[in-house]
Amino acid sequence: MKRVTILSQALAIACFLLLPVTGALASQSYPFGLLLVGPANDHGWSQAHFEAGRELEKKLPGAKMIYIDKVNPVDRPGITIPMLVDDLVSKGAKLIIGNSDDMKDGMREAAIMHPEINFIHVSGDDVLTGKATPNLSNLMGRMTYGKMMAGFVAAMTSQTGKIGYLGPLINAETRRLTAAAYLGARYAWTQVRKKKASDLKFKVSWIGFWFNIPGVTSDPTLVTNNFIDSGYDVVLSGIDTTEALVVAGQKRKEGKTVWAIPYDYKGACVSAPEACLGVPYFNWIPGYSDMIGKAMGGQWQQQFLWLAPDWRNINNPDTSPVGFMTGKAMSPETKKALVDFQNALGNGSLNLFTGPLNFQDGTTFLKKGEQATDDQVWNLPQLLKGMEGASK
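Residues numbered from 1 in each chain as written. Predicted model: local features only at pLDDT ≥ 70, side-chain atom pairs only at ≥ 80, totals over all residues. Heavy atoms only, no water.

The name given to the protein in an unreviewed UniProt entry is ABC transporter substrate-binding protein PnrA-like domain-containing protein, and the organism recorded there is Desulfomarina profundi.

And the structure:
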């Protein structure tokens with residue numbers, strides 16, 4: 001995988017957003033379609049995309065979003081991605097975004113069927129593997145950094161040293177994000193709090209999909225309750241919805257000293273602010289502005305963008321594709337330590353994907369001093385030694 005510098009990404013996006021909109025571009029009507037795997041108001045992954053689409057309507061004159069949510073086999077049985085794309089095209093969509101890894105095959109098929117339409121598949125890698133047609137691009141944020149921050153905050157806060165991770169399904173994306181959270185937790189536990197690595201317990205429980213499907217997945221509410229009842233006092237969420245935080249809020253009302261860290265959406269802490277340590281979130285505005293803006297101006301080009309935070313201000317909505325909002329439950333001491341941690345990640349003095357690191361089965365991932373390549377992180381085949389939970 002080609003490595004792109006973090007600074008050049010941020011500057012390129014910032015410069016694009018400052019370009020004036022030409023008269024011809026401003027006068028055009030440009031409908032774009034958005035396929036959301038979950039509800040548009042899920043307080044998580046899909047809502048982050050939906051709100052970015054609404055913001056683009058303000059930022060890019062002429063842009064108009066058409067969306068279909070709950071695009072998954074349970075909510076829309078028998079309905080395929082190409083069917084939904086046909087519907088969006090019939091309504092005038094000139095560019096279509098699919099927001100889930102599960103849409104990979106369908107998005108690729110639809111792009112072949114509609115060479116006149118541009119497509120953005122979020123979290124896929126068909127551009128890298130050479131399977132994408134020229135009208136299909138991939139976009140993702142480098143959430144490994146956000147997950148490192150989440151793990152760091154969890155381990156700085158935990159009183160038991162037992163951290164639970166509520167995982168969705170198992171694939172390369174979820175393995176790398178879960179491993180990043182573990183590495184952030186291990187760093188805080190051993191390097192900042194100066195505790196023994198063996199005293200840190202980091203357990204992953206996978207529910208089977210990005211959100212709860214009764215009768216199909218494990219119930220994330222029950223999984224979170226099991227974590228807390230087993231002595232895990234911080235639960236990190238890797239799913240699209242906020243069950244982990246809701247349960248933690250309920251437990252705090254019962255007198256338990258527990259916390260949670262939700263995922264995906266900037267406003268997720270509102271579900272239970274008294275239990276929320278913070279949230280790593282995606283901001284799709286910079287990436288969408290770049291890709292859709294170029295398409296509107298007749299400058300579409302196939303791209304694979306894996307965008308890092310804007311380390312000058314990771315919560316800048318115009319420039320930072322990945323952010324971390326601190327929560328009401330985070331202590332002042334942890335806030336200060338988090339700033340130092342963020343600065344070290346941003347200036348490159350700290351790279352947690354540095355060896356020695358072994359995989360869960362004991363085989364070598366990285367030798368001492370060796371740093372992982374983008375390809376090694378993107379395609380992480382197993383969880384890491386020190387993590388409890390299934391890798392496949």
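Of the regular secondary structure elements, the protein holds 13 helices and 15 strands. Relative to the globule expectation of 21 Å for 392 residues, the C-alpha radius of gyration of the protein, 21 Å, shows essentially globular dimensions. Taking the principal axes of its C-alpha atoms as reference, the protein extends roughly 60 × 45 × 40 Å. Counting all 392 residues of the protein, 58% fall into the buried class. As displayed, the protein has an accessible area near 15,700 Å², and 52% of this comes from carbon and sulfur atoms. (Helix = DSSP H or I, 4+ residues; strand = E, 2+ residues; numbered from the N terminus. Rg over C-alpha atoms; globule rule 2.2 N^0.38 Å. Buried < 20%, exposed > 50% of the residue type's maximum accessible area, 1.4 Å probe, protein only. Areas by Shrake-Rupley, 256 points an atom, 1.4 Å probe, with all protein chains shown as cover.)

The UniProt entry lists residues 33-300 under the feature "domain: ABC transporter substrate-binding protein PnrA-like" (unreviewed entry), expressed in the numbering used here. Split by type, residues 33-300 is 40% helix and 18% strand. Its first and last C-alpha atoms lie 16 Å apart. (UniProt positions renumbered as here; feature names shortened; annotations may be inferred.)

Counted according to the given criterion, the structure contains 14 salt bridges. Across the salt bridge formed by Glu57 and Lys64, the nearest N and O atoms sit 3.9 Å from each other. Its relative accessible area of 47% is what places Lys64 among the partly exposed residues. Among the ionic pairs, Asp310 bridges to Arg312, the shortest N-O distance being 2.9 Å. Judged by relative accessible area, which is 4%, Asp310 ranks as buried. Overall, the relative accessible area of 53% leaves Arg312 in the exposed class. Counted as one network, the salt bridges with shared partners bring together Arg54, Glu57 and Lys64. (Salt bridge = Lys/Arg side-chain N within 4 Å of Asp/Glu carboxyl O.)

With respect to the element layout, Val216 can be found in the loop between strand 7 (201-206) and helix 9 (220-229). A relative accessible area of 60% means that Val216 is categorised as exposed. Along the backbone, Val216 and Val74 are 142 residues apart, and their C-alpha atoms lie at a distance of 9.2 Å.

Spacing of three or four residues puts side chains on the same side of an α-helix, whose turn is 3.6 residues. Taking 1.5 Å per residue as the helical rise, helix 12 (residues 332-347) with its 16 residues ought to reach 22 Å, and the 23 Å between its terminal C-alpha atoms agrees with that figure. Among all positions in helix 12, only Thr334, Ala337, Leu338, Phe341, Gln342, Ala344 and Leu345 are buried. For helix 12, the arc enclosing every buried residue in end-on projection is 160 degrees, short of the 170-degree limit, so these residues lie on one face. Counted as exposed and oriented over 90 degrees from the buried face of helix 12: Pro332, Lys336 and Asn347. (Expected span 1.5 Å × (residues − 1). Arc of directions from axis to C-beta.)

So, on to the packing of helix 7 (residues 143-157) against helix 8 (residues 172-192). Remark: helix 7 packs on helix 8, axes separated minimally by 6 Å, with the N-to-C direction vectors making an angle of 40 degrees. When the axis of helix 7 is compared with that of helix 8, the two are oblique. Where helix 7 crosses over helix 8, the handedness of that crossing is right-handed. On helix 8, the residues that touch Met143, Thr144, Lys147, Met148, Gly151, Phe152, Ala155 and Met156 of helix 7 are Arg176, Leu177, Ala180, Ala181, Gly184, Ala185, Tyr187, Ala188, Trp189 and Val192. Partitioning the contact of helix 7 with helix 8 into residue classes produces 13 nonpolar, 3 polar and 2 charged. (Axes fitted to C-alpha atoms, helices over the stretch in contact; angles between N-to-C directions. Parallel < 35°, antiparallel > 145°, perpendicular 65-115°, else oblique. Left-handed = near helix turned anticlockwise from the far one by under 90°. Contact = heavy atoms within 4.5 Å. Nonpolar A, V, L, I, M, F, W, Y, C, P; charged D, E, K, R; others polar.)

Checked against the element boundaries, Thr190 lands in helix 8. A polar side-chain atom of Thr190 sits 2.7 Å from the main-chain carbonyl oxygen of Arg186. Reaching out from Thr190, the side chain makes a polar contact with the side chain of Gln191 at a distance of 3.4 Å. Excluding its chain neighbours within four sequence positions, the residues that come into contact with Thr190 are Lys195, Lys196 and Ala197. (Polar contact = N/O pair within 3.5 Å; in protein donor to acceptor, adjacent residues only side chain to side chain.)

Here we take up the state of the cysteines. Across all of its chains, the model carries 1 disulfide by this definition. Linked covalently through their sulfurs, Cys269 and Cys276 form a disulfide whose S-S length is 2.0 Å. On the sign convention where negative is left-handed, the bridge of Cys269 and Cys276, at about -50 degrees about the S-S bond, is left-handed. The burial state of Cys269 is the same as that of Cys276; both residues are buried. (Disulfide = S-S within 2.5 Å.)

Another aspect to go through is the side chain of Ser100. Mapping Ser100 onto the fold places it in the loop between strand 3 (95-98) and helix 5 (104-113). In terms of polar contacts, Ser100 uses its side chain to reach the side chain of Asp102, at 2.9 Å. When near neighbours in sequence (up to four residues on either side) are disregarded, Ser100 contacts Val37, His121, Val122, Ser123 and Trp210.

Before going further, it helps to spend a moment on the pairing of strand 11 (residues 304-307). The two faces of strand 11 match: Phe304 and Trp306 on one face and Leu305 and Leu307 on the other face are all buried. By the bridge criterion, 4 bridges tie strand 5 (residues 136-141) to strand 11 in an arrangement that is parallel. Opposite Leu139, over in strand 11, you have Leu305 as the bridge partner. (Pairing = 2+ DSSP bridges.)

Attention now moves to the packing of helix 9 against helix 10 (residues 243-253). It is at 9 Å that the axes of helix 9 and helix 10 come closest, and there the two elements cross at 50 degrees. The orientation of helix 9 relative to helix 10 falls into the category oblique. For the crossing formed where helix 9 meets helix 10, the hand is right-handed. On helix 10, the residues touching Pro220, Thr221, Thr224, Asn225, Ile228 and Asp229 of helix 9 are Glu243, Ala244, Val247, Ala248 and Lys251. Considering only residue class, the contact of helix 9 with helix 10 consists of 5 nonpolar, 3 polar and 3 charged.

Enumeration according to the criterion identifies 16 aromatic pairs in this entry. Note on Phe209 and Phe211: the rings are 5.1 Å apart at their centroids and 80 degrees apart in plane angle, and the pair reads as edge-to-face. The two residues Phe209 and Phe211 agree in class, both being buried. Three or more aromatic residues joined by ring pairs make a cluster, and in this case those are Trp45, Tyr263, Phe282, Trp284 and Tyr288. The ring of Trp306 carries Arg142 above its face, with NZ or CZ at 4.2 Å from the centroid. Looking at Lys147, its charged tip hangs above the ring of Tyr263, at a distance of 3.6 Å from the centre. (Phe/Tyr/Trp six-rings, centres within 6.5 Å; stacked < 30°, edge-to-face > 60°. Lys NZ or Arg CZ within 6 Å of the ring centre and 35° of its normal.)

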